[in-house]
Amino acid sequence: MGCVSAERIDRAVPVIFQKLQGNGIFLYSEIYDGSERTHQELNMNLGADDHHCPAEILVDLAVFQLENAGFLETEPLGTKLADGENDYRVTITQKGRKFVKSGKIFRCESVDL
């Protein structure tokens, strides 16, 4: 797949923070349920396409970087995703809440896949 640019991964950050509004938790399976409808909707929201890098991968990469920054925590669940991988719970941390409230913009780093 090559290098995924920071700019492409950055597109997933607002989607993630939007999913965390309210109770501060979402399940990855809410955006990756294996349905074509959900897949196309996410691709559209992120301006992604399957030829370069599917949106689900952009979200995965952004979650990983946000977690490494201390803004999110993830917890594997016993249920499987459509691709056979474990589903996981994403929770915003107190540090993450403060960051969102500050109005700052998180910038991801490019990733070599």
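This report concerns the structure included in the present document. The shown structure was predicted, so the numbers you read here are calculated from the model rather than taken from an experiment.

### Details of the packing of aromatic side chains
The description of an aromatic ring pair rests on the distance of the ring centres and on the angle between the ring planes. Tallied over the entire structure, the rule returns 6 aromatic pairs. Aromatic pair phenylalanine 17 and phenylalanine 99: ring centres 6.5 Å apart, planes at 40 degrees, arrangement tilted. Of this pair, phenylalanine 17 sits in helix α2 (residues 12-19) while phenylalanine 99 sits in helix α5 (residues 94-102); the two residues are 82 residues apart in sequence, bridging distant segments of the chain. Between the aromatic rings of phenylalanine 99 and phenylalanine 106, the centroid separation amounts to 6.3 Å while the plane-to-plane angle is 85 degrees, which identifies the pairing as edge-to-face. Its relative accessible area of 13% is what places phenylalanine 99 among the buried residues.

### Concerning the packing of helix α3 (residues 36-46) against helix α4 (residues 55-68)
The geometry of α3 relative to α4 is characterised by a closest axis approach of 8 Å and an angle of 65 degrees between their N-to-C directions. Judged by residue contacts, His39, Leu42, Asn43 and Leu46 of α3 engage Ala55, Glu56, Leu58 and Val59 from α4. Residue composition of the contact of α3 with α4, by class: 5 nonpolar, 2 polar and 1 charged.

### Points about the sheet that holds strand β3 (residues 72-80)
Pairing is antiparallel across the open sheet formed by 3 strands, whose spatial order is β2-β4-β3. The two strands at the open ends of the sheet, each matched to only one other strand, are β2 (25-27) and β3. Sheet twist, expressed as the average angle between the axes of neighbouring strands with direction ignored, equals 20 degrees. Bridging between β3 and strand β4 (residues 86-92) involves 6 bridges; their strand directions are antiparallel. The residue of β4 that forms the bridge with lysine 80 is asparagine 86. Each of β3 and β4 touches α4; the most contacted strand, β3, lies at about 135 degrees to it.

The rules we used
Residues numbered from 1 in each chain as written. Predicted model: local features only at pLDDT ≥ 70, side-chain atom pairs only at ≥ 80, totals over all residues. Heavy atoms only, no water. Phe/Tyr/Trp six-rings, centres within 6.5 Å; stacked < 30°, edge-to-face > 60°. Helix = DSSP H or I, 4+ residues; strand = E, 2+ residues; numbered from the N terminus. Buried < 20%, exposed > 50% of the residue type's maximum accessible area, 1.4 Å probe, protein only. Axes fitted to C-alpha atoms, helices over the stretch in contact; angles between N-to-C directions. Contact = heavy atoms within 4.5 Å. Nonpolar A, V, L, I, M, F, W, Y, C, P; charged D, E, K, R; others polar. Pairing = 2+ DSSP bridges.

None of this, on its own, says anything about what the molecule does.
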